[in-house]
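Here are the chains, one letter per residue:
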Amino acid sequence: DTEVTQTPKHLVMGMTNKKSLKCEQHMGHRAMYWYKQKAKKPPELMFVYSYEKLSINESVPSRFSPECPNSSLLNLHLHALQPEDSALYLCASSHYRDTLNYGYTFGSGTRLTVV
Amino acid sequence: AQSVTQLDSHVSVSEGTPVLLRCNYSSSYSPSLFWYVQHPNKGLQLLLKYTSAATLVKGINGFEAEFKKSETSFHLTKPSAHMSDAAEYFCVVSASDTGRRALTFGSGTRLQVQP
């Protein structure tokens, strides 16, 4: 299995809702990432997990809460989002020690719309 | 610190003609360089990577890139464009000086292929 699977593919939520994005990989990668991508822009790093521990938080607002329950799963919990949070949310994974040589494997993303 | 500059935000070619997407990088250390492609409403797919082996790198779908240290460039080429090549292309750099396991993205080049 050489894929990163993200669910759901599309999500519409109100500003008072609580929802979660899910990401799963079975490649044995021990580094996992959340990126946010606005239209016509490159992806922006949000969070990095290494060996299931949060290693980088790029000053993301607390309404985004990541969780890595095991080495194959990465979640992003969403609460009280704003319309400007509407974007494509991408999950990626990589070998921890070989990130520099192998890059990432990306999922196809969750298209989030906040109304 | 490291950075990447994609010199063209938009490139338009005719089907069957060559493609050139330009990328310059800046890095204090020997970088690893990648090209990713993103089709509309999709995740990112790795096209090719340079990791200090051969300077001419062959990727998927007939794409190639040449690492030129003296010019700090990593331009992406393809001899003959196909309609299916229309997409957004990102040049990405990773270097060992950062201690981070995250990649730095260029701003992207949108490739349009005319029939």
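These figures come from a predicted structure and were not determined experimentally. Residue positions are given per chain, counting from 1 as you read along its sequence in written order. Chains carry letters and ligands carry numbers; both start at the beginning, A for chains and 1 for ligands, and go up in the order they are written. Reporting of local features is limited, given that this is a predicted model, to residues whose pLDDT is at least 70; pairs of side-chain atoms are given and counted only at 80 or more, and all residues count toward the totals for whole chains, interfaces and linings. To get the side-chain values, all heavy atoms of the structure are used, and hydrogens and water are removed first.

**What about the packing of aromatic side chains?**
The relation between two aromatic rings is expressed through the spacing of the ring centres and the mutual angle of the planes.
Okay, step 1: By convention, a stacked pair of Phe, Tyr or Trp rings (six-membered ring in the case of Trp) has centres within 6.5 Å and planes under 30 degrees apart, an edge-to-face pair has planes over 60 apart, and any other such pair is tilted. By the definition in use, this model includes 15 aromatic pairs over all chains.
Okay, step 2: Here the aromatic rings of A:Phe106 and B:Tyr36 are separated by 5.5 Å at their centres, their planes lie at 85°, and the arrangement is edge-to-face. Placement of the pair is A:Phe106 in strand β10 (residues 105-106) and B:Tyr36 in strand β5 (residues 31-38), with the two residues belonging to separate chains. In this pair, the class of A:Phe106 matches that of B:Tyr36, namely buried.
Okay, step 3: Aromatic pair A:Phe106 and B:Phe105: ring centres 6.3 Å apart, planes at 75°, arrangement edge-to-face. Placement of the pair is A:Phe106 in strand β10 and B:Phe105 in strand β11 (residues 104-105), with the two residues belonging to separate chains.
Okay, step 4: In this structure an aromatic cluster arises from ring pairing among A:Tyr33, A:Tyr35, A:Tyr104, A:Phe106, B:Phe34, B:Tyr36, B:Phe90 and B:Phe105. For helices the rule is a DSSP run of H or I covering at least 4 residues; for strands it is a run of E covering at least 2, with both sets numbered from the N terminus onward. Type-normalised accessible area, obtained with a 1.4 Å probe on protein chains alone, sets the label of each residue: buried when under 20%, exposed when over 50%, and partly exposed for intermediate values.

**Section: the layout of surface pockets**
Okay, step 1: Counted as a void, the second largest pocket has a volume near 250 Å³.
Okay, step 2: Using protein atoms alone on a 1 Å grid, points that fit a 1.4 Å probe yet trap it form a cavity, whereas open point sets bounded by protein on both sides within 12 Å along at least five of seven lines form a pocket; residues with an atom within 4 Å of a point count as lining. A:Lys40, A:Arg111, B:Gln38, B:Asn41 and B:Arg110 are, among the 16 residues lining the second largest pocket, the residues nearest its centre.
Okay, step 3: Tallying contributions element by element places strand β10 (residues 87-95) of chain B first for the lining of the second largest pocket, with three residues.
Okay, step 4: Each residue is assigned to one class: nonpolar for Ala, Val, Leu, Ile, Met, Phe, Trp, Tyr, Cys and Pro, charged for Asp, Glu, Lys and Arg, and polar for all the others, Gly among them. Considered class by class, the residues forming the lining of the second largest pocket number five nonpolar, four polar and seven charged. Grid points are joined across faces, edges and corners, and a volume is the space filled by probe spheres set on the points.

**Points about the pairing of strand β3 (residues 18-25) of chain A**
Residues and elements named next belong to chain A.
Okay, step 1: Where strand β1 (residues 4-7) lies against β3, four bridges are found, and the strand directions are antiparallel. Paired with Gln6 across the strands is Cys23, a residue of β3.
Okay, step 2: Looking at chain direction, β3 and strand β8 (residues 73-79) are connected through seven bridges and run antiparallel. In the strand pairing of β8, Lys19 is matched with Leu78. Pairing between two strands requires that DSSP report at least two bridges joining them.

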